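# Observations on the three-dimensional arrangement
Single-letter residue listing:
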Amino acid sequence: MTSRRAVIALGGNAMTGPDGAATPGAQRAALAVAAGAIADVVAAGVEVVLTHGNGPQVGNLLVKNEMAASVVPPVPLDWCVAQTQATVGFTLADELDAALAGRGLDRRTAALVTRTLVDADDPHFAAPSKPVGRFLPAEEAARFVALGQLWEDRGPRGWRRVVASPEPRSVVDAPAIAALVAAGFVVVCAGGGGVPVVDGGPLRGVEAVIDKDLTAALLARELGADTLVIATDVAHVVLAFGTDAARPLGRVTPAEMRGHAEAGEFGRGSMGPKVEAALRFVEAGGERAVITSLENIADAVTGDAVGTILTAA
């Protein structure tokens, strides 16, 4: 099948070099590869909305915060998410515009800094557990604890900052995204799960990070997309990963996938959130979700022969 509208969530491997390098040159080169795959989807006549990760980029900003803390005040985490959305967004827009033009397509890209609403009383705020940034010695971490940040002793590697990772409730800027799509743009948005905001009258940003794949699933529902593609660094979801009994999953029902998840098959910090996002999309009425590698994106949107495919029927 060929989708009418697809939300594609690019993983961190789409924004760094093969060795994990996050230099500007390595990021642009990696995004150029991703842009080629996405342009092939657009060439098939599909309306495309892109989301992306921002872990390496936010990590770099946090290091800059730490190193410059004695000179300029550290910026809050919601600012870091917004800044990296803008940087990745404009770079991906440039590369995608070039890829579209190279295929003779009269389409343009728009990048939108996007806010995601979370609940101020989400329990994750009371028990932050999402590690961000690098490890530091206790004496260096103490400087940031004095600034109101929460750091934990992680043993021999040192101390690491932990933040809340609340549930996404709605994508605030979904109407603007929908308007851009209707006007013919390929939209880059909701990077890093979106800038987390709470509603206490006027919206305000909060110190948190939102899982990007859960936001992608939510956005796909809000936009009426028929397909959600979660691009990662493996071709399939794998059961018994890392063992002699490992086997890839092809087409699977929500009930089967939910059973595997409840049995603890998928790591919390790796495949688990991707599987949960795919499940939420299909269980809420989405037609199909596919988890696969970056190079399989075009085939994942236009056919049923690659990746782990989750459908309601």
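Everything that follows concerns the structure shown earlier in this document.
The following paragraphs examine the structure supplied in this document. What you see is a predicted model; the values in this text were computed from it and never measured. Residue numbers run consecutively from 1 along every chain, following the written order of its sequence. Whole-chain, interface and lining totals are the exception, using all residues; otherwise, since this is a predicted model, local features are given only for residues with pLDDT of at least 70 and side-chain atom pairs are given and counted only at 80 or more. Hydrogens and water molecules were not included; the side-chain quantities draw on all heavy atoms of the structure.

## Comments concerning the packing of aromatic side chains
Only centres within 6.5 Å qualify two rings of Phe, Tyr or Trp (six-membered ring in Trp) as a pair; their planes then separate them into stacked at under 30 degrees, edge-to-face at over 60, and tilted for everything else. Following the criterion strictly, the structure yields 1 aromatic pair and no others. A ring pair is formed by Phe-144 and Trp-151, whose centres lie 5.8 Å apart and whose planes are at 25°; its orientation type is stacked. The pair formed by Phe-144 and Trp-151 is uniform in burial state, with each residue classed as buried. Only protein chains enter the area calculation, which uses a 1.4 Å probe; residues under 20% of their type maximum are buried, those over 50% are exposed, and those in between are partly exposed.

## A few points about the environment of Ile-309
Here Ile-309 lies in strand β17 (residues 308-311). Accessibility expressed as a relative area gives 3% for Ile-309, which makes it buried. Distance from Ile-309 to Val-290, taken between C-alpha atoms, is 4.6 Å for residues 19 residues apart in sequence. Contacts are residue-level and defined by heavy atoms, with any inter-residue pair within 4.5 Å sufficient. In contact with Ile-309, other than residues within four places in its own chain, are Gly-250, Arg-251, Val-252, Ala-289, Val-290 and Asp-304. Helix and strand labels come from DSSP, where a helix needs a run of H or I of at least four residues and a strand needs a run of E of at least two; each type is numbered from the N terminus.

## Remarks on the sheet that holds strand β1 (residues 5-10)
Strand pairing follows a simple DSSP-based rule, namely that at least 2 bridges must link the two strands. Reading across from one edge, β3-β9-β2-β1-β12-β16-β17-β15 is the order of the 8 strands in this open sheet, with mixed pairing throughout. Edge strands, defined here as strands with exactly one partner in the open sheet, are β3 (109-112) and β15 (251-252). Lying on the sheet, helix α7 (residues 212-222) is in contact with β1, β2 (47-52), β9 (186-189) and β12 (227-232); it crosses β1 at an angle near 170°. Axis definition: a line fit to C-alpha positions, over the contact stretch in the case of helices; interaxial angles, taken between N-to-C directions, run 0 to 180 degrees.

## A word on the side chain of Asn-54
Examined against the element boundaries, Asn-54 turns out to sit in the loop between β2 and α2 (55-67). When residues no more than four places from it in sequence are discounted, the contact partners of Asn-54 are Val-81, Thr-84 and Gly-192.

## Some details on the sheet that holds strand β7 (residues 159-163)
In spatial order, the strands read β5-β7-β6; together these 3 strands make up an open sheet with antiparallel pairing. Pairing within the sheet leaves two strands with one partner each, and these edge strands are β5 (130-136) and β6 (151-153). Across the sheet, the mean angle from the axis of one strand to that of its neighbour is 35°, orientation sign disregarded. When β5 meets β7, the two strands line up antiparallel, connected through 4 bridges. Bridge assignment links Val-132 to a residue of β7, and that residue is Arg-161. Contacts from α2 reach β5, β6 and β7, with the element oriented near 50° to β5.

## Some points on the pattern of salt bridges
Here, a salt bridge means any side-chain nitrogen of Lys or Arg that lies within 4 Å of a carboxyl oxygen of Asp or Glu. Throughout the structure, instances matching the rule amount to 16 salt bridges. Here Arg-108 and Asp-97 are joined by a salt bridge, their closest N and O atoms 3.2 Å apart. A residue pair is termed long-range when its members are at least 10 positions apart, and Arg-108 in the loop between α3 (77-102) and β3 and Asp-97 in helix α3 qualify at 11 residues. In this structure, Arg-288 engages Asp-304 in a salt bridge whose closest nitrogen and oxygen atoms are separated by 2.8 Å. One end of the pair, Arg-288, is in strand β16 (residues 288-293); the other, Asp-304, is in the loop between α10 (297-302) and β17, with 16 residues separating them in the sequence. In this structure, a network of salt bridges that share partners links the residues Glu-167, Arg-258, Glu-276, Arg-280 and Glu-283.

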